[in-house]
Amino acid sequence: MEQLKFIGKRLVYLVVMLFGVATLVFILTKMIPGDPTVANLSQRALNDPEIVAAYRAKYGLDQPLPVQYILYMKNLLQFDLGTSMRTNKPVLSELARCYPATIELALFAIVIAAILGVLFGIISAIRRNSILDQTVRAISVTGVSIPSFWFALLVLYFFYYKLKLLPGPGRLSNAFTAPATVTGMYVIDSLLEGNIPKALDAVSHLILPGTVLAAFTMGLITRTARSNLLDVMSTDYIRTAKAKGLSRPGLIIRHALGNALIPVLTVIGLGLGNLLGGMVLVETIFNWPGVGQFAYESVLSVDFPSIIGVALLIALNYMVINTVVDILYGIIDPRVRCS
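About the criteria used
Residues numbered from 1 in each chain as written. Predicted model: local features only at pLDDT ≥ 70, side-chain atom pairs only at ≥ 80, totals over all residues. Heavy atoms only, no water. Helix = DSSP H or I, 4+ residues; strand = E, 2+ residues; numbered from the N terminus. Buried < 20%, exposed > 50% of the residue type's maximum accessible area, 1.4 Å probe, protein only. Contact = heavy atoms within 4.5 Å. Areas by Shrake-Rupley, 256 points an atom, 1.4 Å probe, with all protein chains shown as cover. Lys, Arg positive; Asp, Glu negative; His and termini not counted. Charge placed at Lys NZ, Arg CZ, Asp CG, Glu CD. UniProt positions renumbered as here; feature names shortened; annotations may be inferred. Axes fitted to C-alpha atoms, helices over the stretch in contact; angles between N-to-C directions. Parallel < 35°, antiparallel > 145°, perpendicular 65-115°, else oblique. Left-handed = near helix turned anticlockwise from the far one by under 90°. Phe/Tyr/Trp six-rings, centres within 6.5 Å; stacked < 30°, edge-to-face > 60°. Lys NZ or Arg CZ within 6 Å of the ring centre and 35° of its normal. Polar contact = N/O pair within 3.5 Å; in protein donor to acceptor, adjacent residues only side chain to side chain. Core = buried A, V, L, I, M, F, W, Y, C linked by side-chain atoms within 4.5 Å. Salt bridge = Lys/Arg side-chain N within 4 Å of Asp/Glu carboxyl O.

### A short note on the overall build of the protein chain
The number of helices and strands found in the protein chain is 15 helices and zero strands. Counting only C-alpha atoms and orienting by the principal axes, one finds that the protein chain spans roughly 85 × 55 × 40 Å. Residue burial in the protein chain is summarised as follows: out of 339 residues, 43% are buried. A sequence separation of at least 24 residues applies to 72% of the contacts in the protein chain between residues at least 6 apart. As presented, the protein chain carries roughly 18,200 Å² of accessible surface, and 68% of it is formed by carbon and sulfur atoms. Counting 27 positive and 19 negative side-chain charges, the protein chain places the averaged centre of each group 12 Å from the other.

In structure tokens, the structure reads:
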């Protein structure tokens, strides 16, 4: 009952925060320099005052800002994000088209980051101050420090252009056509078709961009897991368990890891939120048709409805993920109680 009450409160907070984010994003978007009319109409159309007036009236740009805000919030309550000025399609349908590609890449990257990060953190903590520990820490620092766009170009040059070990930009090779859309994620949809070669090809296209995106989060997870595991290993109950003769693997897995993973779970959750909303450069470099590339194209064309839609989606990602992480805290460690 207490858990259900907590979940209900968080859902109410989520709605309030979405309203605040929508207001803030609307204000900031209107402060962006540039006129969407100039960005989207040809020079010939701009020379015709009637066309310009019709365009501004269509998207409500001829209305005062308070009126634009009221109309936008009214549409938002009806789950209407408006129409994209660039594609002339509903923003919601455009995001629904792009979002599965971003989810597929983000999930692939966070799985790699979580597995390698936790594994490296455990190894580094067990072999503290050894050569192995120093190597793992160097890898984690490199992952956190290296710019994603430079890393993306680097892996493309070596593994795609020079060594030809992995495919380059895109979601599928030219030999395959896109699978029938069920989830929008090519790997799953290819498996649902029963086309194993296509699914494997889709996985191979995930490796390079997924590795680039995983590097930063993997470094954070490694450092967090190592630090917290060392702290837990120095507590009294761990020393007592060690004095009872419990083996080192059993000591870590059964007693230390659960407590050490709570802060790691926060890093994984924030990392997933960051991946779902912060992969603009990587998606552009790898020609990945996800939300990041859609956001990039929308900014270039000063497409206000699309920019606001992307911002709201990113905010919703973070809020939902944080709520899920809070709930998982109580599952991993019963001592954590929601208030």
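Following the structure, the description resumes.
### Re unusual backbone geometry
You will see that Asn88, though not glycine, has its phi angle at about 60°, which is positive. Counting through the fold element by element, Asn88 comes out in the loop between α5 (65-77) and α6 (91-126). Accessibility expressed as a relative area gives 46% for Asn88, which makes it partly exposed. Of note, Lys164 is a non-glycine position whose phi angle comes to about 55°, a positive value. Residue placement: Lys164 occurs in the loop between α8 (148-162) and α9 (186-193).

### Digging into the side chain of Lys198
You can see Lys198 is positioned in helix α10 (residues 196-233). Not counting chain neighbours up to four residues away, the residues in contact with Lys198 comprise Leu172, Phe176, Thr177, Ala178, Pro179, Ser190 and Glu193.

### Describing the environment of Ala225
For Ala225, the position within the fold is in helix α10. Between the C-alpha atom of Ala225 and that of Pro263, which follows or precedes it by 38 residues, the distance is 7.9 Å.

### A short note on the UniProt feature "transmembrane region" (unreviewed entry) in the protein chain
Here, UniProt's "transmembrane region" (unreviewed entry) annotation points to residues 12-32, 105-126, 138-160, 202-221, 260-286 and 306-332. With 90% helix and 0% strand, residues 12-32 has its two end C-alpha atoms placed 31 Å apart. Within residues 138-160, the helical portion is 91% and the strand portion 0%, while the C-alpha atoms at the span's ends are 26 Å from each other.

### Structural notes on the packing of helix α7 (residues 131-145) against α10
Where α7 contacts α10, the axes come no closer than 7 Å and their chain directions differ by 135°. Looking at the two axes, α7 sits oblique to α10. As α7 packs across α10, the resulting crossing turns out to be left-handed. Each of Asp133, Val136, Arg137, Ile139, Ser140, Gly143 and Val144 in α7 lies in contact with α10, whose residues at this interface are Ala215, Phe216, Met218, Gly219, Leu220, Thr222, Arg223 and Arg226.

### Considerations on the packing of aromatic side chains
Scanning the model with the defined rule gives four aromatic pairs in all. Members of the aromatic cluster, each reached through a chain of ring pairs, are Phe26, Tyr69 and Tyr72. The ring of Tyr186 has Arg171 lying over it, and the distance from NZ or CZ to the ring centre is 3.7 Å.

### Observations regarding the side chain of Arg171
Note that Arg171 resides in the loop between α8 and α9. The class for Arg171 is buried, based on a relative accessible area of 8%. Of the polar contacts made by the side chain of Arg171, one reaches the side chain of Glu104; its length is 2.7 Å. Looking at Arg171, its side chain comes within polar contact range of the main-chain oxygen of Gly184, at 3.1 Å. Excluding its chain neighbours within four sequence positions, the residues that come into contact with Arg171 are Ala101, Glu104, Gly184, Met185, Tyr186, Ala202, His205, Trp288 and Pro289.

### Regarding helix α14 (residues 291-300)
Val291, Gly292, Gln293, Phe294, Ala295 and Ser298 are the residues of α14 that are buried. Positioned one or two residues after α14, Val302 has a phi angle of 50°, which is positive.

### Regarding the nonpolar core
Residues Tyr72, Leu229 and Phe286 are the most contacted members of the largest nonpolar core, which totals 72 residues. Filtering out sequence-adjacent residues up to four positions away, Phe286 remains in contact with Ala152, Val155, Leu156, Pro169, Gly170, Leu208, Pro209 and Val212. If you look at the next biggest cluster of nonpolar residues, it comprises seven residues, including Tyr55, Tyr59, Leu61 and Met85.

### Observations concerning the pattern of salt bridges
According to the stated counting rule, one finds six salt bridges in the structure shown. Of the charged contacts, one joins Arg86 and Glu297 as a salt bridge, the two residues approaching to 3.3 Å between their closest N and O atoms. A residue pair is termed long-range when its members are at least 10 positions apart, and Arg86 in the loop between α5 and α6 and Glu297 in helix α14 qualify at 211 residues. Take Arg86: its relative accessible area is 30%, and that puts it in the partly exposed class. Assessed through its relative accessible area of 31%, Glu297 is described here as partly exposed.

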